[in-house]
Amino acid sequence: MARSHNPVSRFGLWAVFVILAVLPLILRGYQLRLVTEVIIFSLYAVSYNLLLGYAGLLSFGHAMFFGTGAFAVAILLEHFAGLPLLLAVTLATAFTTATGFVVGCLLLRVKGTPFALLTLAFNALFYAIAVKWSSLTGGDDGLIIDPPQLDLWLLTLDPNKGPDFYYLSLAILGPVILFCWYFTYTAMGRTVLLMRENEDRMRFLGYNTLLARLSLFTLTAGLAGLAGSIYSLFFAFVSIDAISIETTTTVLLMTFIGGTGHFAGPILGAGVFIYLQNFLSELTENWPLIMGVLFILMVLFTPGGLVGIIKGAAQWTASRRKTPDLRKGAKNRHAHSGS
Amino acid sequence: MPILEAKGIHKDFSGLEVLTGVDFQLAAGERFAIIGPNGAGKTTLFNILSGAFSPTRGNVLFKGEDISRKPPHLRNRLGMSRSFQITNVFKEISVFDNVLAGVRSREGLRCHYLRRPFKNRGLLERTDEILMQVGLENERDTPAHELAYGQQRALEMGITLSTAPDLILLDEPTAGMSRQETEDAVQMIRRVTESKACIIIEHDMNVVFSLADRISVLHYGVILACGLPEEIRNDQRVKDAYLGQDNQ
């Protein structure tokens, strides 16, 4: 948890921002769509990691919120013709946040395995509702969306155009992901981390830990809902797949592959997952099999995920660079490695 | 008005009566020790005072307010703080952040979504002050699990002090310490509890007699005797029940 306000990370942030801003000039069509997808799934995975990596809560039900957001925006646009795009997204996110609050109230007192199982059960319940209530959700056929144009003062964005949608999702999701990063340094972000360490002690220090957990759960639900609503606008289509266990598994894989121990882990994981899936599905129909094996290998051998590997490599390089200075005495080396 | 008052505290654990009517009062600024043989109900009483569980019958009044059924976090916000017999710190987190958790709680900066504790100079200074008090100023950035045992006990004390309590509850603060560590701990406790009310549960009679202004002896769920250290030392009932058997 380094306080990354050093010039290097600030420069890095600006570099990423500039690259993202000019990307549509370099990438076209399909390639740009892949990047857009990565941005959408980045928020989904970042919100999941606030639960898993920061609060230590393993949820098997994050797709219920992603799916709720995805369906909410589709249903709103279908039933209310002329509803502005941003209002639809805002309403869908608000609705998902409220849903997260209700589910959170019911999960309030459980942690660990009971929490994981209950979230799985809730996800199954949400899925069943989506299947059965086909008059609203379209059932197995799903819903086709015709996203309205977005009129801002000077420019008009057409969500059906690749670059327009890319900028739209970047402008909405980028700041939200940045807020999530900021959040990990706020009082609430730190509280969540301390609660994972020792919730009992927190109660004796004046923290209402039940309320804090509910608050975090509601936040992550809302963030997943926002990602879901942009997702269904992006594909101009939503099906019950969005709310299925597979969509939960996807976010779990992304987060694990990237690494739960660092804020950027899930973003990296989302990128690798989507590009790998895209690459493998062109080679073979059995791509989920390869992804599965890869996942097993990663959990077994690199519990820190890709970020863990990168950190390890950086430390290794740093220690190699230092070695000549330390050859004078073994004691000295020991002191350095311990600090 | 006493700062803390226990009135007829009873506690049953599914039929097993552990406490059968405990009464006492604690004045502001007083150091009060509860002693008694194993199984006398000391830990149960301590847990009822700190809010880990509620009494079956009876009341606990803190600053005149009935807190018998208040959860621990609300008791802490009223100005009460407890330590733990088995060190109960945030192991993976730095010593500084361990103490900061309580310092910011006191200021109400617990679950804010925008404000960042490490940007608040006042909080950081207050945290450093507490680290000085418990002698951990050189271990600021050390993760708690890397501390030596005596230092972990000091951190336990630092966390307990971090919410600036008016009443401090100490559960065997010198448990598992060597003689030298115990002496240092007693001096530290005397220093940091200066002019604060304090309840200590302790097995080590040297610690009790050197710290407490007043002592209660708990025996089979009731208070057998209560008085100044000298009175307790010379009380025949106490000698029979406790002191004579296994101490001095």
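Predicted model, so just to flag it, every value in this text is computed and none were measured. (Residues numbered from 1 in each chain as written. Chains lettered and ligands numbered in written order. Predicted model: local features only at pLDDT ≥ 70, side-chain atom pairs only at ≥ 80, totals over all residues. Heavy atoms only, no water.)

Student: Even after reading the chapter, I still don't get the domain arrangement of chain A, so can you show me in this structure?
Tutor: How big an interface is tends to be stated in terms of accessible area lost as the parts join. By domain assignment, chain A separates into domain 1 (23–243) and domain 2 (312–339). Inter-centroid distance (C-alpha atoms) of domain 1 of chain A to domain 2 of chain A is 44 Å. (Domains from an automatic or database assignment.)

Student: Hey, could you run me through helix α5 (residues 112–132) of chain A in this one?
Tutor: Helical periodicity: at 3.6 residues per turn, an α-helix aligns residues three or four positions apart in one direction. Residue and element names in this part refer to chain A. Between its terminal C-alpha atoms α5 stretches 31 Å, which fits the 30 Å expected from 21 residues at 1.5 Å a residue. All buried positions along α5 are accounted for by Phe115, Ala116, Thr119, Phe122, Asn123, Phe126 and Ala130. End-on, the buried residues of α5 take up no more than an arc of 125°, which puts them together on one face. In α5, the exposed positions angled more than 90 degrees off the buried face are occupied by Thr113, Leu117 and Lys132. Looking at the buried residues of α5, the elements they touch are α3 (63–79), α4 (85–106), α6 (134–137), α9 (209–235) and α10 (245–258). (Helix = DSSP H or I, 4+ residues; strand = E, 2+ residues; numbered from the N terminus. Expected span 1.5 Å × (residues − 1). Buried < 20%, exposed > 50% of the residue type's maximum accessible area, 1.4 Å probe, protein only. Arc of directions from axis to C-beta. Contact = heavy atoms within 4.5 Å.)

Student: Explain the interface of chain B and chain A here, please?
Tutor: With 35 residues of chain B at the contact, the number on the chain A side is 27 residues. Regarding the contact of chain B and chain A, the summed buried area is about 2,900 Å², with carbon and sulfur atoms giving 59% of it. Together, Phe90, Tyr113 and Phe118 of chain B form the three largest contributors to the area buried by chain B at its contact with chain A, with a combined 26%. Where chain B packs against chain A, one counts two salt bridges. Between arginine 201 of chain A and glutamate 156 of chain B there is a salt bridge whose closest N-O contact spans 2.4 Å. The interface formed by chain B and chain A includes 24 residue pairs in polar contact (both at pLDDT 80 or more). Listing elements by their share of the side of chain B that touches chain A, those giving two or more residues are α2 (72–78), α3 (95–106) and α5 (149–161) of chain B. Per-element tally for the side of chain B that touches chain A: the top contributor is α3 of chain B, with five residues. Its residues assigned to classes, the side of chain B that touches chain A shows 14 nonpolar, eleven polar and ten charged. (Buried area = accessible area lost by both parts, 1.4 Å probe. Salt bridge = Lys/Arg side-chain N within 4 Å of Asp/Glu carboxyl O. Polar contact = N/O pair within 3.5 Å; in protein donor to acceptor, adjacent residues only side chain to side chain. Nonpolar A, V, L, I, M, F, W, Y, C, P; charged D, E, K, R; others polar.)

Student: Would you mind showing me how to read the side chain of threonine 182 of chain B here?
Tutor: All names here are of chain B. Within the secondary structure layout, threonine 182 lies in helix α6 (residues 179–192). On the accessibility criterion, threonine 182 (10% relative accessible area) is buried. If sequence neighbours within four positions are ignored, threonine 182 has contacts with Thr174, Met177, Asp204 and Val207.

Student: How should the environment of asparagine 160 of chain A be read in this particular structure?
Tutor: All names here are of chain A. As for its placement among the helices and strands, asparagine 160 is situated in the loop between β3 (156–157) and α7 (162–183). Along the backbone, asparagine 160 and alanine 236 are 76 residues apart, and their C-alpha atoms lie at a distance of 8.1 Å. Leaving out residues up to four positions away in the same chain, asparagine 160 has contacts with Asp146 and Pro147.

Student: Hey, could you run me through the pattern of salt bridges in this one?
Tutor: Think of it this way: side chains of opposite charge can pair up when their charged atoms draw near. Residue and element names in this part refer to chain A. Applying the stated criterion across every chain, the model contains 14 salt bridges over all chains. Notably, a salt bridge pairs arginine 203 with aspartate 200, separated by 3.0 Å at the nearest N-O pair. Remark: aspartate 200 and arginine 203 occur in helix α8 (residues 187–203); sequence separation between them is three residues, near one turn of the helix. Take arginine 203: its relative accessible area is 26%, and that puts it in the partly exposed class.

Student: Looking at this structure, I do not really get unusual backbone geometry. What am I missing?
Tutor: Phi is mostly negative for residues that are not glycine, and the peptide bonds are mostly trans. Residues and elements named next belong to chain B. Phi angles above zero are rare outside glycine, and serine 14 is one such case at about 35°. Considering the arrangement of structural elements, one finds serine 14 in the loop between β1 (4–13) and β2 (16–26). Within the chain, glutamate 172 stands out as a residue other than glycine whose phi angle is a positive 45°.

Student: Help me understand the packing of aromatic side chains in this model?
Tutor: Each aromatic ring pair is specified by the distance between its two centres and by the angle formed by the two planes. All names here are of chain A. In the structure shown here, the tally under the stated rule is 20 aromatic pairs over all chains. With a centroid separation of 5.6 Å and 80° between ring planes, the pair formed by phenylalanine 65 and phenylalanine 217 is classed as edge-to-face. You can see phenylalanine 65 sitting in helix α3 and its partner phenylalanine 217 sitting in helix α9, a full 152 residues away along the chain. For the residue pair phenylalanine 65 and phenylalanine 217, the accessibility class agrees, reading buried in each case. Members of the aromatic cluster, each reached through a chain of ring pairs, are Phe41, Tyr44, Phe66, Phe165, Tyr231, Phe234 and Phe235. For arginine 33, the ring lying beneath its charged end belongs to phenylalanine 234, and the centroid distance is 4.4 Å. (Phe/Tyr/Trp six-rings, centres within 6.5 Å; stacked < 30°, edge-to-face > 60°. Lys NZ or Arg CZ within 6 Å of the ring centre and 35° of its normal.)

Student: It is not clear to me how the pairing of β2 of chain B should be interpreted in this structure. Could you clarify?
Tutor: On a regular strand, one side chain projects to one face of the sheet and the next to the other, so that they alternate. Residues and elements named next belong to chain B. Note: β1 against β2, eight bridges, orientation antiparallel. From the neighbouring strand, lysine 11 faces β2, where its bridge partner is leucine 19. Taking the residues that link successive antiparallel strands as the turn, the β1-β2 hairpin has two residues, and the phi of serine 14 there is positive, at about 35°. (Pairing = 2+ DSSP bridges.)

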